[in-house]
Amino acid sequence: MIEAKIPDNLFEGKECLSYGIPWQTEGSIHKENETINNEDVAFELGTGGSTIFLARRCKHVIAVETSHEWSKDVVAALDNDGLENITYKVLPNEEDIISFIKDFDTSPITIFSVDTQGGYGRSAMLDAFLSKGVSPNLKMIVLDNYGHEGLFPNHWDKDNFMGEDWDVFTYPHERWAGNGTRLYIKKQK
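The text that follows walks through the structure, step by step, so that each part is easy to find.

Counting buried positions over the 5 residues of strand 5 (residues 140-144) gives 5, a clear majority of the element. Covered by surrounding structure in strand 5 are Met140, Val142 and Asp144 together with Ile141 and Leu143, the residues of both alternating faces. Of the pairings in the sheet, the one linking strand 4 (residues 111-114) to strand 5 comprises 4 bridges and is parallel in character. When the bridges of strand 5 are listed, isoleucine 111 appears paired with methionine 140. Of the crossover connections in this fold, the one passing from strand 4 over helix 6 (residues 122-130) to the parallel strand 5 is right-handed. With 5 bridges joining them, strand 5 and strand 7 (residues 180-186) adopt antiparallel strand pairing. For isoleucine 141, the partnering residue across the bridge sits in strand 7 and is tyrosine 184.

Now for unusual backbone geometry. Even without being a glycine, asparagine 145 presents a positive backbone phi close to 60°. Its location among the elements puts asparagine 145 in the loop between strand 5 and strand 6 (166-172). The phi angle at asparagine 179 is positive, at roughly 80°, despite the residue not being glycine. As for its position among the elements, asparagine 179 is in the loop between strand 6 and strand 7. Since its relative accessible area comes to 39%, asparagine 179 is described here as partly exposed.

With that out of the way, let us pick up the sheet that holds strand 7. Read from one edge of the open sheet, 7 strands run 3-2-1-4-5-7-6, paired in mixed fashion. Since the sheet does not close on itself, it has two edges, and those belong to strand 3 (86-90) and strand 6, each with one partner. Neighbouring strand axes in the sheet, compared pairwise and without regard to direction, differ in orientation by 10° on average. Inspection of the sheet shows strand 1 (residues 41-45) paired to strand 4 by 4 bridges, in the parallel sense. When the bridges of strand 4 are listed, glutamate 44 appears paired with serine 113. Contacting strand 5, strand 6 and strand 7, helix 2 (residues 26-35) crosses the sheet at an angle of about 25° to strand 7. Against the sheet, helix 4 (residues 68-80) contacts strand 2 (60-65) and strand 3, and its axis sits at roughly 165° relative to strand 3.

Calculation criteria
Residues numbered from 1 in each chain as written. Predicted model: local features only at pLDDT ≥ 70, side-chain atom pairs only at ≥ 80, totals over all residues. Heavy atoms only, no water. Buried < 20%, exposed > 50% of the residue type's maximum accessible area, 1.4 Å probe, protein only. Helix = DSSP H or I, 4+ residues; strand = E, 2+ residues; numbered from the N terminus. Pairing = 2+ DSSP bridges. Right-handed = clockwise from strand over helix to strand, strands pointing away. Axes fitted to C-alpha atoms, helices over the stretch in contact; angles between N-to-C directions. Contact = heavy atoms within 4.5 Å.

Next up, the structure:
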């Protein structure tokens, strides 16, 4: 397991890319670090330090970014770190992202993360992923800003929409938009 180094100013998010950590609440980063292994296949919507964090720990990462400008910084950081286990796409609008999800074989995905920029319907993206059926391989869902009604209109007020086979880990922060980060982790049988 690779240790996750957390900057003191995590809330601001300015150094997450250079530290190679997600711009999420600290507890969620540590829990992900404990849970992820080198056989995982991650599918993330919204890229940055999380992309490096996942690529350092997972077998493969499918990363979808909405900003052409931000993608240049992320790709440069990935190249700088020598990470090549990533399929990186820039899809600047919500409809293209949802279409991509619907056409993509999600069955090998073990980790699904939704953390796109504001202005994108994260619930619609999550629903598109879940509507394909929950693969037995899926073991974790990451929702940053989980309690933001505008970002997650279908999910913000639901503690566990995944059902009794899943544990919910909530990591609030008083200054975080949408209350913080929430992880859904499949129970081990």
